[in-house]
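# Reading the structure
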Amino acid sequence: MTMAIDTPAGPPPERHPIGFTASGSEYFRIWIVNLLLIVVTLGLYLPWAKVRKLQYFHANTWVDGDALGFHGEPAKMLRGTLIAAAFLIVYSVGSHFSGWAALLAALAFVGLWPALFRASMRFRLANTSWRGLRFRFTGDTAGAYGALMPPLALALLPFAVAGLTVESGEGGRPAAPSPAATGLIGLCMLVFFVGLPFFLWKLRRYQHGHYAYGGLQTRLDADVGVVYGVFIKLIGLTLAVMVLAGLGVGLLIGIGAIGRQGPGMGVAMVATLMIFAIGGVLLFNILPKSYLQVRLQNLLWSTTGNEVLLFDSRLKLGPFLRLQLKNYLLIFLTLGLYWPFAVIGTRRAQLEAVTLETRTPLDELTRAAGEEDPSAAGDMAADLFGLDIGM
Amino acid sequence: MSPVTDTLDARYFDGRSSRPRAARLYLADGQLHITPAATEPATFEALAVPIAQIRWPERTRHGGRLASLPGGASVQALDVPGWDDWCARTLPGRESPVVRAQQSWRGVALALVLLLAATAAVYQWGLPWIARGVTALVPQQVDTLIGAQALASLDESMLRPSALPADTQERIRRAFTRMVAGAHPEGAPPWNLQFRQGRDDKLGPNALALPGGTIVLTDALVQLLPGDEDAVLGVLGHEFGHVRLRHTMRQLVQASAVGFAVSIAFGDFGTLIGTAPVVLATLGYSRDAEREADEESVRLMRAAGISPRVMAGFFEAIERWRGDQARDGRNDSAIGLAFATHPATAERIAFFKAAAE
């Protein structure tokens, strides 16, 4: 992995591997008790459960002998949860009403989500500490809108606009969308998918470019071309997998045609279907997802840093893929009970692949940190919409 | 109050720099006293913080210990087992039942049993109750709009106009109107009956209830039992049950609620894993809805003086039709779908026979 950050000549950097000491069985116990409390309180316990989980994960993430700390206050986060839930309900119900309401809901989403996202980043970072010092997120609102508004608008607005043209059909009976509306949707989707690596790169640059610890701020030096490279390879990989799967299906149909009259047909059919299901999940879900996760983590974290501090991520695809395959299988076989073990295993692989390199002894990284008052709304909003913050 | 001599060595961070300072902790007068460790020249001024203002870490088997003090300062453990022992000695009874439960496998097993029971209760009663409430809040126009869109898209993809003679259509429509009026003299929700036929054989004898009150009846269903229109009325009664109870809307609400709950439990892992419980739960609710619709069908048939026993004959005819389809090698998804979303045919036959007693 190349390091595009300019490195002044001097002593070799100190390397500090990141350690993760959480255990699956302990997280299982925390998870079960949390879930019980969430169910019996009909969801109101959610922020307390979340703080407990984050505190456990942070307290087990070690850099140079010191663990991270999480300081979020559940009562504040409950308010954020309620705000975010209200927003989500209004949005999802609103988009089912008339075309105008759907357009309004989409506009509100596009208009508010970047601000919520930024608030969420600020909240998370401001409540994370290492060696007694809080992190900060220094990204501004304009940056959040610049990074998030174009993809959101491309993904949401065409459908809302097309919905309007559908509603204006004759006699209360909806007409099919006009060719112009269909064309608009098609064009926007095309721009969205072609631009996806660029939008992702912009978002990550906004995030990784505004992490701060004391007076130190990081920046992301990854090139947008490299992100496109990862996506192009992903498409190639998917195509290869499709050809392979097609060949496999053809072979099995051939065998099936020969053995059609056999008495054990039913059993063979079920077994074949099972193999298809597992193979399909592996090839079309786990493989591309793991590939993307591994390549993007290595690319983005290895180019994050500044003059005195630099991350280096070397997550290996093979072991990560095997881990994910094992996770999915065991989650399936245990009807979900393996889930906390899978989360811990994945997090360990991701974190322990990262090393922090510093040119100044870590002990000297002391500066005054400005106190900010983060809003709790964003953090929970990020969770509700399933947006990964990817720390 | 514990003796002042019970001290703990830890590190103190003032919140303004990342420099750790060796500190000695002890409790006195309801306060945590943080003093510079005696062995070196004082690196900070001793301070005391009321215990109630401190956010203590929870005891876990793994991980560090960090107590947050007001104003961003913190105290961190040098030696985790030593920290836990000291807390147990000097702050007895402070540990929450939650921490005790999650640190014992017996507590976790109990929590798991209670969780399963609570989830089952929420699934059985809580969610349907909430879904009914939420559905009642959604204006009827929304159903109408969705239903109109659904019919338009069905007309484009799967359906074509009916070939039934106009007088047959009119006869069925009249009989059904009388039946609904008989069962609901106080007034019934609006409905409208549409005759259609499938574009191919796949749809077969079928009836659909769309949100907003549109009921679609296929020609094949009317022709399934020639001369026996009572069974057709029974089927229409079943679909009317879906309309009256706004099942489609309710299931939309229930499916979103289940999806939301699953995303909380299995938050940051693959979407694939999250879909299975949603699908299973939705199928379960769908079978419940079919049972409710069957009950409505019986109520309507009774009001019209039709014996629910005709439905037993109808289901047997449907089974025969399915058998013919399978023999002709046309057994495809249609049967699997009906199998999963509807209760077993034998159960439904038994239900209608019992209702006829």
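Preceding this paragraph is the structure being described.
To start, this report covers the structure provided alongside it. (Residues numbered from 1 in each chain as written. Chains lettered and ligands numbered in written order. Predicted model: local features only at pLDDT ≥ 70, side-chain atom pairs only at ≥ 80, totals over all residues. Heavy atoms only, no water.)

## Here's the deal with the overall build of chain B
The condition that has to hold: Under the DSSP-based scheme used, a helix requires at least four consecutive residues in state H or I and a strand at least two consecutive residues in state E, with every element numbered from the N terminus. Our radius of gyration is a C-alpha quantity, and the globule rule it is checked against amounts to 2.2 Å times the number of residues to the power 0.38. The classification of residues rests on relative accessible area computed with a 1.4 Å probe and restricted to protein chains. Under 20% of the type maximum is buried, over 50% is exposed, and intermediate values are partly exposed. We call two residues in contact whenever any of their non-hydrogen atoms come within 4.5 Å of each other. Calculation of accessible area relied on Shrake-Rupley with a 1.4 Å probe; when residues are assessed, cover is drawn exclusively from the protein chains displayed. Charge counting treats Lys and Arg as positive and Asp and Glu as negative, with His and both chain ends excluded. The location of each charge is read from NZ of Lys, CZ of Arg, CG of Asp or CD of Glu.
Tallying secondary structure elements over chain B gives 12 helices and 10 strands in all. The C-alpha atoms of chain B give 33 Å as radius of gyration, which overshoots the globular expectation for 357 residues (21 Å, by more than 25%). Dimensions of chain B along its principal axes, counting C-alpha atoms only, are 105 × 50 × 40 Å. By the burial criterion, 45% of the 357 residues in chain B qualify as buried. Taking as baseline every contact in chain B between residues at least 6 positions apart, the subset at least 24 positions apart corresponds to 61%. Working note: accessible area of chain B is about 17,800 Å², and carbon and sulfur atoms make up 59% of it. The centroid of the 36 positive side-chain charges in chain B is displaced by 3 Å from the centroid of its 38 negative side-chain charges.

## Observations regarding the packing of aromatic side chains
Residue and element names in this part refer to chain A. The test is simple: Classification of ring pairs rests on two measures: the distance between centres of Phe, Tyr or Trp rings, Trp counted by its six-membered ring, which must be within 6.5 Å, and the angle between planes, read as stacked under 30 degrees, edge-to-face over 60 and tilted in between.
Applying the stated criterion to the full structure yields 28 aromatic pairs over all chains. Aromatic pair Trp-130 and Tyr-213: ring centres 5.7 Å apart, planes at 55°, arrangement tilted. Separated by 83 residues along the polypeptide, Trp-130 in strand S4 (residues 128–130) and Tyr-213 in strand S6 (residues 211–213) bring together distant segments of the chain. With respect to class, Trp-130 is no different from Tyr-213; both count as buried.

## A short note on the pairing of strand S3 (residues 66–70) of chain A
Regular strands show a simple pattern: their side chains alternate between the two faces of the sheet. All names here are of chain A. Rule in force here: Strands are treated as partners if at least two bridges between them are detected by DSSP.
When you tally the buried positions in S3, you get five out of five residues, the bulk of the element. In this structure, strand S2 (residues 61–63) lies alongside S3, joined through two bridges in antiparallel fashion. The residue bridging Val-63 from the neighbouring strand is Asp-66, located in S3. Between S2 and S3, which pair antiparallel one after the other, the connecting turn spans two residues, and Asp-64 there sits at a positive phi close to 50°.

## Things to note about the interface of chain A and chain B
Basically, it comes down to this: Note: buried area is the sum, over both parts, of the accessible area (probe 1.4 Å) each one loses when the two are combined. Whenever Lys or Arg places a side-chain nitrogen within 4 Å of a carboxyl oxygen from Asp or Glu, that contact is recorded as a salt bridge. Residues adjacent in sequence count toward polar contacts only when both atoms are side-chain atoms; beyond that, a polar contact is any pair of N or O atoms within 3.5 Å, and within protein one must be able to donate a hydrogen and the other to accept it. Only Asp, Glu, Lys and Arg are considered charged, only Ala, Val, Leu, Ile, Met, Phe, Trp, Tyr, Cys and Pro nonpolar, and every remaining residue, Gly among them, polar.
Chain A puts 66 residues into the contact, and the matching count from chain B is 52 residues. A buried area of about 4,800 Å², summed over both sides, lies between chain A and chain B, and 66% of it is on carbon and sulfur atoms. Taken as a group, Arg-29, Leu-36 and Trp-339 of chain A account for 13% of the area that chain A buries against chain B, more than any other trio of residues on that side. Along the contact surface separating chain A from chain B lie two salt bridges. Note that Glu-58 of chain B and Arg-52 of chain A form a salt bridge whose closest N and O atoms lie 2.8 Å from each other. Scanning the region where chain A abuts chain B turns up 13 residue pairs in polar contact (both at pLDDT 80 or more). When residues of the side of chain A that touches chain B are traced back to their parent elements, those giving at least two are helix H1 (24–40), helix H2 (46–59), S3, helix H3 (74–94), strand S5 (133–137), helix H8 (265–302), helix H9 (317–333) and helix H10 (339–352) of chain A. No other element matches H1 of chain A, which puts 14 residues into the side of chain A that touches chain B. Partitioning the side of chain A that touches chain B into residue classes produces 36 nonpolar, 17 polar and 13 charged.

## Quick look at the pairing of strand S10 (residues 309–313) of chain A
Burial analysis of S10 of chain A places five of its five residues in the buried class, the great majority of the element. On S10 of chain A, burial covers both faces: Leu-309, Phe-311 and Ser-313 of chain A on one face and Leu-310 and Asp-312 of chain A on the other are all buried.

These figures capture arrangement, not role.
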